Amino acid sequence: MTAHALLDATDWKILRELQAEGRITNVELAARVGLSPPPCLRRVQALERAGIIASYRAVLDAAKLGFGVVVFAHIGLKSQAEAELRSFEALVAAWPLVREAYAVAGEADFILKIVAEDLAGLQDFVIGTITAADNVESVKTTFILRIVKYQPGLPLG
């Protein structure tokens, strides 16, 4: 049985509230979901132990911090052998400018979300680092002009 099947209505309320506002106090969370603070805290801790709540983090404004260029890069590899995929994944893990990476099926093998301070920095990284990787055959970048919707998390209703 999946962890999803074990969640009750109160657990779902807790998850919705925490996803919307991760810095909420336990007292406020308890009030919003109709519990007293001690059982609310125990439920949150159980959800954390189960891995359903994976982490907490602040969402930073990239442009205000000097990262004015954001792109998605579609990466095609020369070989899709498992060892080659793992080798590329290890490279990606070490590249700080890559903020998200997805192995995909379709026209690309990976899609990377990359941030850079400016176009010159992006160009240096794409040409000097990504295309220089042994197994990379193609790199196609798509620039983000503006964010129309940014809603991380899940549609919990």
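Residues numbered from 1 in each chain as written. Predicted model: local features only at pLDDT ≥ 70, side-chain atom pairs only at ≥ 80, totals over all residues. Heavy atoms only, no water.

## Points about the overall build of the protein chain
Note the cut-off: Secondary structure elements are defined from DSSP: runs of H or I of at least 4 residues count as helices, runs of E of at least 2 residues count as strands, and each element is numbered from the N terminus. To get the radius of gyration, use the C-alpha atoms; to get the globule rule, take the number of residues to the power 0.38 and multiply by 2.2 Å. Contacts: residue pairs with any heavy atoms within 4.5 Å of one another. Computed with a 1.4 Å probe, the accessible areas rest on the Shrake-Rupley method; for each residue, only the protein chains presented here act as cover. The positive count covers Lys and Arg only, the negative count covers Asp and Glu only, and His and the chain ends enter neither. Here the site of a charge means atom NZ of a Lys, CZ of an Arg, CG of an Asp or CD of a Glu.
The helix and strand inventory of the protein chain stands at six helices and four strands. In summary, the protein chain has a C-alpha radius of gyration of 20 Å against a globular reference of 15 Å for 157 residues, an excess of more than 25%. Referenced to the eigenvectors of the C-alpha coordinate spread, the extents of the protein chain come out at roughly 55 × 40 × 25 Å. Of the contacts formed within the protein chain by residues at least 6 apart in sequence, a portion of 61% connects residues at least 24 apart. Accessible surface computed for the protein chain: about 10700 Å², of which carbon and sulfur atoms make up 56%. Distance between charge centroids for the protein chain: 10 Å, based on 16 positive and 18 negative side chains.

## Some remarks on helix α6 (residues 119–130)
Put simply, the rule reads: When accessible area is computed with a 1.4 Å probe and restricted to protein chains, residues below 20% of their type maximum are described as buried, those above 50% as exposed, and intermediate ones as partly exposed. Each C-beta atom gives one direction from the helix axis, and the arc is the one those directions make. Contacts described as polar in this section are N or O atom pairs within 3.5 Å, which, within protein, must combine one atom able to donate a hydrogen with one able to accept it, while residues neighboring in sequence count only if both atoms come from side chains.
Three or more residues of α6 are buried, namely L122, F125, V126 and I130. Projection of α6 onto a plane perpendicular to its axis shows the buried side chains occupying an angular sector of 90°, all on one side. Away from its buried face, by an angle of more than 90 degrees, α6 presents the exposed residues D124 and I127. Packing partners of the buried residues in α6 comprise β1 (69–77), β2 (98–103), β3 (110–116) and β4 (136–143). For α6, the N-terminal cap is D118; the gap from its side-chain oxygen to the backbone nitrogen of A120 is 3.3 Å.

## What to know about the packing of helix α2 (residues 9–20) against helix α3 (residues 26–33)
Put simply, the test is: Only the stretch in contact is used when fitting a helix axis, every axis being a line fitted to C-alpha atoms; angles between N-to-C directions are given from 0 to 180 degrees. Orientation is classified from the angle alone, with under 35 degrees giving roughly parallel, over 145 giving roughly antiparallel, 65 to 115 giving roughly perpendicular, and any other angle giving oblique. Crossing handedness: left-handed means the near helix sits turned counterclockwise from the far one by under a right angle, and right-handed means the same turn made clockwise.
Packing of α2 against α3 brings their axes to within 10 Å, and their N-to-C directions diverge by 130°. Relative to α3, the element α2 lies oblique. Judged by the sense of rotation from one axis to the other, the crossing of α2 with α3 is right-handed. Across the interface between the two elements, T10, K13, I14, E17 and L18 of α2 pack against L29, R32 and V33 of α3.

## Details of the pattern of salt bridges
To keep things clear, this is the line we draw: The salt bridge criterion pairs a side-chain nitrogen of Lys or Arg with a carboxyl oxygen of Asp or Glu, the two atoms within 4 Å.
Applying the stated rule across the entire model yields eight salt bridges. Because the salt bridges share partners, they merge into one network encompassing E17, E21, E28 and R32.

## Concerning the sheet that holds β3
Stated formally: Whether two strands pair depends on DSSP finding at least two bridges between them.
Strand order in the open sheet made by the four strands is β2-β3-β1-β4, with antiparallel pairing throughout. Lying at the two open borders of the sheet, with one neighbouring strand each, are β2 and β4. Taken over all neighbouring pairs, the strand axes of this sheet differ in orientation by 20° on average, direction set aside. Against the sheet, helix α5 (residues 82–93) touches β1, β2, β3 and β4, its axis set at about 15° to β3.

## Description of the pairing of β1
Within β1, seven of the nine residues are buried, leaving the element largely enclosed by the surrounding structure. Across seven bridges, the pairing between β1 and β3 is antiparallel. Counterpart to I75 in the pairing with β3 is F110. Looking at chain direction, β1 and β4 are connected through seven bridges and run antiparallel. Bridging from a neighbouring strand, V71 pairs with F143 of β4.

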